[in-house]
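Structural description and commentary
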Amino acid sequence: MTQYNKWFHPYKPDKKYSKKVAYFSMEFAIDQALKIYSGGLGFLAGSHMRSAYELRQNMIGIGMLWKYGYYDQSRGEDGSLEVKSIEKYYPYLEDTGIQVKIQVLDNANVHVRAYVLKPETFGTVPMYFLSTDVPENDHLSRTITDRLYDANDLTRISQSIVLGIGGAKVVEQLGGADIYHLNEGHGLPAFYYLKDKGYTREHFAFTTHTPEKAGNEERSGDFLNKMGFFGRHLSAEELDTQTVNDGMLSYTVAALRLANRSNAVSKLHARVSQDMWKGYEGISEIIPITNAQNQKYWQDEALAAAAESGDQVAFINRKKALKAQLFKEVADQTGKLFDPEVLTIVWARRFAGYKRADLLLSDEARFEKMLSNTKKPVQVIWAGKPYPKDQDAIDTFNKLHFFSKYRSNVAVLVGYELELSRLLKLGSDVWLNNPRVTREASGTSGMTAAMNGSVNLSTYDGWIPEFAKDGKNSFVIPPADLKLDMDGQDQQDYESLYHILESKVIPTYYGKPNNWHDIVVNGMKDVLPEFGSNRMAAQYFKELY
């Protein structure tokens, strides 16, 4: 019998972090070998779990064991995006022997099994992953934990019940926690279940991650009640106190009301969130705790040592070696041989409309002119996973692929997971980030890029206002005129982006290498420790718990 069938850590928790915290998240990006994440939310949660371990915090993670993961990004015959579902197998996860029952719709016997990821495997706090793919369940129940962010509403609601109520019951079996922290609203049923068990809002913490409507789920309260979302059947009067907007339950509003304290994921996002939800009574205070990433996992040690010692030659040589490493992947996927001497711009993150992956292509002739400049050449790489049902995002991915297909210095890569993300951050010179302002709550990819000597070129959104010193450690696209319509703002941002590339980024890289090196090293120094997740994990204990 495993010692992890009770609350256990392989270390004595630091006194500063002695409260027992159970951290619930629908996804965790911990290691390339554990494909249970889709993007930024998972990257953030994975770094948090690593830092909690490094700081010896009394925390555990509660997540889902996705049988097929999110999806495997592949290519069709013509190179366009193809979505594949491949069953995963993780023999290093250990069966805890803990199996709880939850009710979904009229089935009161849905079994949820908990598997543990031990701390020594990937350097995290103990993590418990929930699966309904057990022999005791009928076929439909076994499929609940098949795919992360399943497009079917019934399945998505069932997944929330598994994470929330199933997860809370697993924590009970482990011995209970002092704080139950929901990373986004997916696990909201936990709060309802625990409240009925006598827990009060002092035990509940909540993190809201996005100002996007799609990220703030809202569903019919009646339907959720029938599904078993609340852990028991609520009366009409009880349900009426939970719903907003004509009987709809907003997961975010409900979590903000049930939690003692909540946080947004950057200072700008806190202001946006406070404004978004200010009309709802009884919500908790929303404080800023800016997202961060784990230095130990993400930063190249040799590059960091060269920057710290001031050895510019060693730094340049190491960066070229890292670029060559990335370019092997480019060659493998596309047949193109990129040059480590050439300025390399990378755009890599989830494909979504507001992130504007194709902003560079707003005027193809102008882009072509930049690409064909042999005196000051550039190389551009795109990578990222669209949501598999977001046809607009898939169309953008394919548009970029077909544009790049027969151009030798432009590439679109597939398989944007932890390992490719790391290669891109290590091997890029410029990390391009151009979302519409206030739409990106935090954005963490630029943090790990900066840790590895890649200069952020970004709109003034998310974490950037807390980090950027334009021309000193990054390049900032000035905010567009918000009085303009969306197309007008996009055009203004496009013009600003090209102005910065043509008049600042490219001339500095090729004409003023010492200045470029200063900007690179300043970025590396300024990003840490402020945007390292050890700071963030400590701040959660101090300010949220």
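Provided above is the structure to which this section pertains.
Residues numbered from 1 in each chain as written. Predicted model: local features only at pLDDT ≥ 70, side-chain atom pairs only at ≥ 80, totals over all residues. Heavy atoms only, no water.

Structural notes on the packing of aromatic side chains
Where we set the bar: Aromatic pairs are defined between Phe, Tyr and Trp rings, using the six-membered ring for Trp, whenever the two ring centres lie within 6.5 Å; interplanar angles under 30 degrees are classed as stacked, those over 60 as edge-to-face, and all others as tilted. Two conditions define a charge sitting above a ring: the NZ of Lys or the CZ of Arg must be within 6 Å of the ring centre, and it must be within 35 degrees of the ring normal.
This model, assessed by the stated rule, comprises 33 aromatic pairs. Geometry around F403 places R407 over its ring, the cationic atom sitting 3.8 Å from the centre.

Details of unusual backbone geometry
Formally: Labels follow the DSSP assignment, with helices taken as runs of H or I lasting at least four residues and strands as runs of E lasting at least two, numbered in each case from the N terminus. Remark: exposure states derive from per-residue accessible area (1.4 Å probe, protein chains only) relative to the maximum for the residue type, with buried under 20%, exposed over 50%, and partly exposed in between.
With an omega of 5 degrees, the peptide bond between L528 and P529 qualifies as cis. By secondary structure assignment, the location of P529 is in the loop between α19 (513-527) and α20 (533-544). One non-glycine residue, L105, lies in positive phi territory at about 55 degrees. Within the element layout of this structure, L105 appears in the loop between β5 (94-104) and β6 (107-117). With a relative accessible area of 38%, L105 lands in the partly exposed category.

Describing the packing of helix α13 (residues 364-371) against helix α18 (residues 486-511)
Defined as follows: Fitted lines through C-alpha atoms serve as axes, helices being fitted only where they are in contact, and the angles separating the N-to-C directions of these axes extend from 0 to 180 degrees. Should an angle lie under 35 degrees it is considered roughly parallel, over 145 roughly antiparallel, and from 65 to 115 roughly perpendicular; all remaining angles are considered oblique. By convention, the crossing between two helices is left-handed when the near helix turns anticlockwise from the far helix through less than a right angle, and right-handed when the turn is clockwise. Every residue pair with non-hydrogen atoms within 4.5 Å of one another is taken to be in contact. Ten residue types, Ala, Val, Leu, Ile, Met, Phe, Trp, Tyr, Cys and Pro, are classed as nonpolar, four, Asp, Glu, Lys and Arg, as charged, and the remainder, Gly among them, as polar.
Where α13 meets α18, the axes come as close as 12 Å, and the angle between the chain directions of the two elements is 15 degrees. It follows that α13 is roughly parallel to α18 by the angle criterion. Taken as a pair, α13 and α18 cross one another with a handedness that is left-handed. The residues of α18 that touch α13, namely those facing R366, F367 and M370, are Y494, E495, Y498, H499, L501, E502 and I506. Of the residues contributing to the contact of α13 with α18, the split by class is 6 nonpolar, 1 polar and 3 charged.

Describing empty space enclosed by the protein
Note the cut-off: Think of a 1 Å grid over the protein atoms and nothing else: a 1.4 Å probe that fits but is trapped marks a cavity, an open set flanked by protein within 12 Å on at least five of seven lines marks a pocket, and residues with an atom within 4 Å of a point count as lining. Grid points are joined across faces, edges and corners, and a volume is the space filled by probe spheres set on the points.
Overall, the coordinates contain 3 cavities of 30 Å³ or more when judged by the stated rule. One number sums up the size of the largest cavity: a volume of about 60 Å³. What lines the largest cavity is K35, I36, Y37, Y68, G69, Y70, Y71, D72, K88, K385 and E417. Looking at side-chain class alone, the lining of the largest cavity contains 5 nonpolar, 1 polar and 5 charged residues. Approximately 50 Å³ is the volume attributed to the second largest cavity. Lining the second largest cavity are A29, I30, F43, G46, S47, R50, Q293, Y297, W298 and L418. The greatest single-element share of the lining of the second largest cavity, amounting to 4 residues, is contributed by helix α1 (residues 40-54). Counted by class, the lining of the second largest cavity contains 6 nonpolar, 3 polar and 1 charged residues.

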